[in-house]
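Chain and residue survey
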2 protein chains.
Amino acid sequence: MRVTVLAGGVGGARFVKGLRGALGADDEITVVVNTGDDLWLSGVRLQPDIDSILYALAGVNDTERGWGRAGETERVSAELQAWGAGWPWFTLGDLDLGTHLARTGWLREGLTPSQIAERLGARWPIGVRLLPMTDAEVDTHVVVEGGAHLHFQEWWTRHRASLPAVAFENPGIGDAAPGAGVVEAITGADVVVLAPSNPVVSIGPILKVPGILDALHGARRVVGISPIIGGKVVRGMADACLPAIGVETSADAVARHYGRRADGGVLDTWLVAEEDAALAPALAADGWDVRVEPLWLSAPEESAALARAAITP
Amino acid sequence: MRVTVLAGGVGGARFVKGLRGALGADDEITVVVNTGDDLWLSGVRLQPDIDSILYALAGVNDTERGWGRAGETERVSAELQAWGAGWPWFTLGDLDLGTHLARTGWLREGLTPSQIAERLGARWPIGVRLLPMTDAEVDTHVVVEGGAHLHFQEWWTRHRASLPAVAFENPGIGDAAPGAGVVEAITGADVVVLAPSNPVVSIGPILKVPGILDALHGARRVVGISPIIGGKVVRGMADACLPAIGVETSADAVARHYGRRADGGVLDTWLVAEEDAALAPALAADGWDVRVEPLWLSAPEESAALARAAITP
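In this text the structure is predicted, and so the values were computed from the model without any measurement. (Residues numbered from 1 in each chain as written. Chains lettered and ligands numbered in written order. Predicted model: local features only at pLDDT ≥ 70, side-chain atom pairs only at ≥ 80, totals over all residues. Heavy atoms only, no water.)

1. Some remarks on the interface of chain A and chain B
Selection criterion: A contact between two residues is defined here by any heavy atoms of the two lying within 4.5 Å. Accessible area, probed at 1.4 Å, shrinks when two parts are joined; the buried area is that loss added up over both. Salt bridges, as used here, are contacts in which a Lys or Arg side-chain nitrogen is within 4 Å of a carboxyl oxygen on Asp or Glu. Under the rule applied, a polar contact is a pair of N or O atoms within 3.5 Å (in protein, one hydrogen donor and one hydrogen acceptor; residues adjacent in sequence only if both atoms are side-chain atoms). The numbering of helices and of strands both runs from the N terminus, where a helix is a DSSP run of H or I of at least 4 residues and a strand a run of E of at least 2.
Listed per partner, the contact involves 31 residues of chain A and 31 residues of chain B. For the pair chain A and chain B, the summed buried surface comes to about 2,600 Å²; carbon and sulfur atoms form 66% of the total. When the buried surface of chain A facing chain B is broken down by residue, Arg75, Trp83 and Leu101 of chain A rank first, second and third, together holding 29% of it. Taken together, the connections running from chain A to chain B amount to four salt bridges. A salt bridge links Arg69 of chain B to Glu79 of chain A; the shortest N-O distance between them is 2.9 Å. At the junction of chain A and chain B, the tally comes to 10 residue pairs in polar contact (both at pLDDT 80 or more). If you list the elements that add at least two residues to the side of chain A that touches chain B, you get α3 (75-82), α4 (94-109) and α5 (113-121) of chain A. The greatest single-element share of the side of chain A that touches chain B, amounting to 11 residues, is contributed by α4 of chain A.

Okay, structure coming up:
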């Protein structure tokens, strides 16, 4: 079976890990990863979502802290702060920095982000193909009340998404092309899954890359998993993002935001949490194939069960 | 008193530290530093000679190992090796990498190497102004027997200068300009000192920057210190470099290579070691102001005594 997942960082990583546990050695998993979180920091290129998924699949991630590498130190970051360089509110782990430097060196040698993702994915037997959504630099910018434009990471990490956002932009994305293999991974899959990632800043940029929406329209089957459980965001700060695009923080509002493929949207099936079962009838009445499932990803067996539910026709 | 030193890395650092110890708070020391050793590594800009002098003057250098920062670790470097990135034979210390990343970020922001050297010099009260010889990228390349061209660091660090060199080149140096303040530091000094650094790959590139030779010709007084003691190189591998420019590894051959200012060269005075006292009469007979002094820089008081001897009219 061939499964392609569209995903952001931490939530995407947990889901994909569950999917890998649910599938066998003959199955193929491809993850199209958001690159809107990417940034240049002190001349070094960071791709946080790709790295989060990579580390989680390799089992080298810090599960207590929830991000970065296990056994991490921050010696270089402390030096950067002593120099007054970089972003003092953005901590670079030393092990993580090794990845960023390898990537930056390869970019300088002329490799594309798609080629680099392939190299990164080859270090550990992760059993999953990671594809950046695009090779273009289309970092997400946030327009906040008052009109200032911030890089997504500044808004998210420095201000903890506390400045009210009025818009999210990806400058240049109108001219971007899908990363190598992305369109084929979507149109060639038995099922495409929208991971329970942030609909605005994780899945949103992926859908904005010209060609990806068309690929989804041509896919065999597209399933989405609600990132909202019981009317609440369970990871990240999607509730700080959804208002900017006029979407309520609820499982049905996010579904209607993505839309049914039959109506020109991207989804055939929508998985809502048991806590949101009451929202299912209204969606079903509007023609949705809506399914009620446990959506928690706290334990590996939960993630695997959810993955099984998502790929079941 | 105003003293300007032309210097490479480790030998230059020791001499300058001695000079700082010999002079008072009202004296001004400027060091014009070789940038031929500079390199790009995994997208990061390294300037080893500037950093060596900076760390030594700040007292944060590793005195046992002879290079880099004290208390250094190599976590990032180990990761780079695991990724198969960078140069496996070139170790980047984590603390040192903090300097390189700060520099690289500032370069990316549009600062010049001269401006960056000023920032770097401001972290610790080093009491010395560090000026890169040029803001242009003129990394030294080595042509070895057989015709291959290697970056200086590859020849020096990877091959330990074991491949016979036939030429040293600094591509683009003909179009380079002296770094900010370099010409003024040379022409405005009471005395200019050529540190006992490698004549070919440390002092050599500095003299090749258009405008610096003219500045030396217009200087008040120029003193050179032999890097050769008793016919032997005491630091580094100058004996692997001198043959490529047709100069013998001896204190008098290096003096004649630099030349007397009265003959169109760069020196007024040449300091040779007590071990080379026998060479002095022939140089004196040719009109040289040659002085015999202890040239060892092993202890701070030795370096200070040598510095005092160098600046004595």
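Let's pick the thread back up.
2. Some details on the pairing of strand β9 (residues 191-194) of chain A
Residue and element names in this part refer to chain A. Counted only if it meets this: The rule is simple: take the accessible area with a 1.4 Å probe, protein chains only, and divide by the maximum for that residue type; under 20% is buried, over 50% is exposed, in between is partly exposed. Strand pairing is assigned whenever DSSP identifies at least 2 bridges connecting the two strands.
Along β9, one buried face is formed by Val191 and Val193 and the opposite face, lined by Val192 and Leu194, is buried too. Here four bridges tie strand β1 (residues 2-7) to β9, and the two strands are oriented parallel to one another. Each residue of the ladder has a partner; that of Leu6, found in β9, is Leu194. When β9 meets strand β10 (residues 222-225), the two strands line up parallel, connected through three bridges. Bridge assignment links Val192 to a residue of β10, and that residue is Val222.

3. Things to note about the pattern of salt bridges
All names here are of chain A. Going through the model one piece at a time under the given rule, you end up with 24 salt bridges over all chains. The partner of Arg65 in a salt bridge is Glu74, with the nearest N and O atoms 3.7 Å apart. The exposure class assigned to Glu74 is partly exposed, which follows from its relative accessible area of 37%. Through salt bridges that share partners, Asp62, Arg65 and Glu74 make up one connected network.

4. Some details on the relation of the copies chain A and chain B
Here is the rule: The copies were overlaid with a least-squares fit restricted to C-alpha atoms from residues scoring a pLDDT of at least 70 in each copy.
The operation relating chain A to chain B is a screw motion whose rotation component is 180 degrees, with 0.0 Å of axial translation and a residual RMSD of 0.0 Å. The operation mapping one copy onto its partner corresponds to a two-fold rotation axis.

5. Observations concerning the nonpolar core
Note that soluble globular proteins tend to have their nonpolar side chains buried in a common cluster. To keep things clear, this is the line we draw: Here, nonpolar core means buried Ala, Val, Leu, Ile, Met, Phe, Trp, Tyr and Cys residues that are tied together by side-chain atoms lying within 4.5 Å of each other.
Within the largest apolar cluster, 110 residues are counted, with the highest numbers of intra-cluster contacts made by Val5, Phe15 and Val31 of chain A together with Val5, Phe15 and Val31 of chain B. In this structure, Phe15 of chain A is in contact with Val5, Val193, Ala195, Pro196, Ile225, Leu297, Leu306, Ala307 and Ala310 of chain A, ignoring residues within four places of it in sequence. Formed by 54 residues, the second largest nonpolar core is a distinct cluster that contains Leu6, Ala244, Ala251 and Trp270 of chain A.

6. Thoughts on the sheet that holds strand β8 (residues 165-169) of chain A
All names here are of chain A. The line we're drawing: Inter-axis angles, ranging from 0 to 180 degrees, are taken between N-to-C directions of lines fitted to C-alpha atoms, where helices are fitted over the stretch in contact.
Read from one edge to the other, the open sheet built from three strands follows the order β7-β6-β8, with strand pairing classed as antiparallel. The sheet is open, and its two borders are formed by β7 (149-151) and β8, each paired with just one other strand. Within this sheet the neighbouring strands show an average axis-to-axis angle of 30 degrees, counted without direction. Here strand β6 (residues 141-144) runs beside β7; their pairing, made up of three bridges, is antiparallel. Each residue of the ladder has a partner; that of His141, found in β7, is His151.

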